[in-house]
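# Report on the structure
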Amino acid sequence: ALTSARVTAENKLFATLDANVDNSGTIRAYADGDAYGMYTYTNGEGTNTMINSGDIEVTATGDAYGIYVYTFDANVGGVQVYNNSSITVTANGGYSTAEGMHIYSYTLYDTIVGNNGAIVANANGANSNATGIYTHSSDGILDVDSQDPISVYATQNAYGIYSLVNGYGISSVTNGGAMDVYGDA
C-alpha cells in the first residue's frame, strides 16, 4: 500500500507513509552526474520495503547506487530490503561513490537487509569510494545477511559490507559469499 507518494523523472519514489517497491525487470541507469537503479525515500509513519529480482546496472560520472533506500523519522514501521539478482555499479568521476546497496534508516524499528545476488561496485575516479552493501541505522536491530559474492574496487576507501548502528540497538552481519575488496587509500 502506497500512500501520499510521487515518482520523479529520475525514477525516485518519495512517500510520507508506506513505500513498497517490488521489481523483477532489468534496470539500466546511466547519467552524467549521479545515477540510481532503484530509489525510495520515506519521511513519516510507515514502512519502507524494497524487493528486487531483476539485474541492475548503473554507470555514472558522479555517484552510482544500485539500490538506494532512505527512511527518515519512521515511527511506526521498519525497513526491509531484499536483493535477489546481480547489481553492478560504476562511478567514474573524481570524488565519487559507488554502492551496490545503500540503506539508511532513521527509525526505532528493525532494519532487515538480505542479499542473494552478486554485487560489483567500482569507483574508478580519483579519490573515490566504493561499498558493496552500506547500512546505517539510528536505533533498533540492523540485520544484514549476504549470501553471494561481493567485489569492490576503489581508488580511495573500499568496503565489502559496512554496517553501523549509532543509537540504541545492535548490528548483525552474516556473510556466506566470497568477498574481493580493494581500496587504494
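Every value quoted in this text rests on a predicted model; they were computed, and no experiment measured them. (Residues numbered from 1 in each chain as written. Predicted model: local features only at pLDDT ≥ 70, side-chain atom pairs only at ≥ 80, totals over all residues. Heavy atoms only, no water.)

## Comments concerning the overall build of the chain
Counting its regular elements, the chain contains 0 helices and 19 strands. With 185 residues in all, the chain has 49% of them scored as buried. Across the chain, every contact between residues at least 6 apart in sequence was considered, and the portion connecting residues at least 24 apart equals 75%. As presented, the chain carries roughly 8000 Å² of accessible surface, and 46% of it is formed by carbon and sulfur atoms. (Helix = DSSP H or I, 4+ residues; strand = E, 2+ residues; numbered from the N terminus. Buried < 20%, exposed > 50% of the residue type's maximum accessible area, 1.4 Å probe, protein only. Contact = heavy atoms within 4.5 Å. Areas by Shrake-Rupley, 256 points an atom, 1.4 Å probe, with all protein chains shown as cover.)

## Describing the sheet that holds strand β19 (residues 179-183)
By way of backbone hydrogen bonds, the strands of a sheet pair with one another, either parallel or antiparallel. Taken in spatial order, the 6 strands of this open sheet run β4-β7-β10-β13-β16-β19, and their pairing is parallel. Because the sheet does not close on itself, it has two edges, and the strands there are β4 (27-31) and β19. Between one strand axis and the next, the sheet turns by 0° as a mean value, whatever way the strands run. (Pairing = 2+ DSSP bridges. Axes fitted to C-alpha atoms, helices over the stretch in contact; angles between N-to-C directions.)

## Details of the nonpolar core
Within the largest apolar cluster, 33 residues are counted, with the highest numbers of intra-cluster contacts made by I67, V81, M101 and I133. Discounting chain neighbours no more than four positions away, the residues touching M101 are I67, V81, N83, I87, V113, G114, N115, I119, G132, I133 and Y134. (Core = buried A, V, L, I, M, F, W, Y, C linked by side-chain atoms within 4.5 Å.)

## Comments concerning the packing of aromatic side chains
The tally for this structure, following the rule as stated, stands at 10 aromatic pairs. On the basis of an interplanar angle of 5° and a centroid distance of 4.9 Å, the ring pair of Y39 and Y68 is categorised as stacked. Placement of Y39 in strand β5 (residues 35-43) and of Y68 in strand β8 (residues 64-74) is noted, with a sequence separation of 29 residues between them. Residues Y39 and Y68 agree in their burial class; the two are buried. Seen from their ring centres, Y153 and Y182 are 5.6 Å apart, and the 5° between their planes marks the pair as stacked. (Phe/Tyr/Trp six-rings, centres within 6.5 Å; stacked < 30°, edge-to-face > 60°.)

## A closer look at unusual backbone geometry
Within the chain, Y95 stands out as a residue other than glycine whose phi angle is a positive 60°. In this model, N127 sits at a positive phi of 55°, which is unusual for a non-glycine residue. Classification of N127 as partly exposed rests on a relative accessible area of 35%.

## A few points about the confidence of the model for the chain
This prediction gives the chain a mean pLDDT of 88; 89% of its residues lie at or above 70. Below a pLDDT of 50 lies the segment residues 1-9, which in the model reaches 22 contacts outside its immediate sequence neighbourhood of four places, other chains included. (pLDDT = per-residue confidence, 0-100.)

## Structural notes on the pairing of strand β16 (residues 150-154)
Residues of β16 alternate between two faces, with I150, V152 and A154 buried on one and S151 and Y153 left unburied on the opposite face. Bridge count between strand β13 (residues 119-123) and β16: 5 bridges; the pairing is parallel. Note that in β16 the partner of N122 across the bridge is Y153. Note: β16 against β19, 5 bridges, orientation parallel. Each bridged residue has a counterpart across the sheet, and for S151 the counterpart in β19 is D180.

## Some points on the environment of S137
The topology assignment puts S137 in strand β14 (residues 129-137). Expressed as a C-alpha distance, the spacing of S137 and I103, which sit 34 residues apart in the sequence, is 8.2 Å. S137 has contacts with S105, T111, L142, L164, V165 and N166, leaving out every residue within four places of it along the chain. At 3.3 Å, the side chain of S137 forms a polar contact with the side chain of S105. (Polar contact = N/O pair within 3.5 Å; in protein donor to acceptor, adjacent residues only side chain to side chain.)

## Things to note about the side chain of H102
Of note, H102 is situated in strand β11 (residues 97-107). H102 gets classed as buried once you look at its relative accessible area, which sits at 10%. If near-sequence neighbours (up to four positions away) are discounted, H102 is found in contact with Y65, I67, Y68, V69 and Y134.

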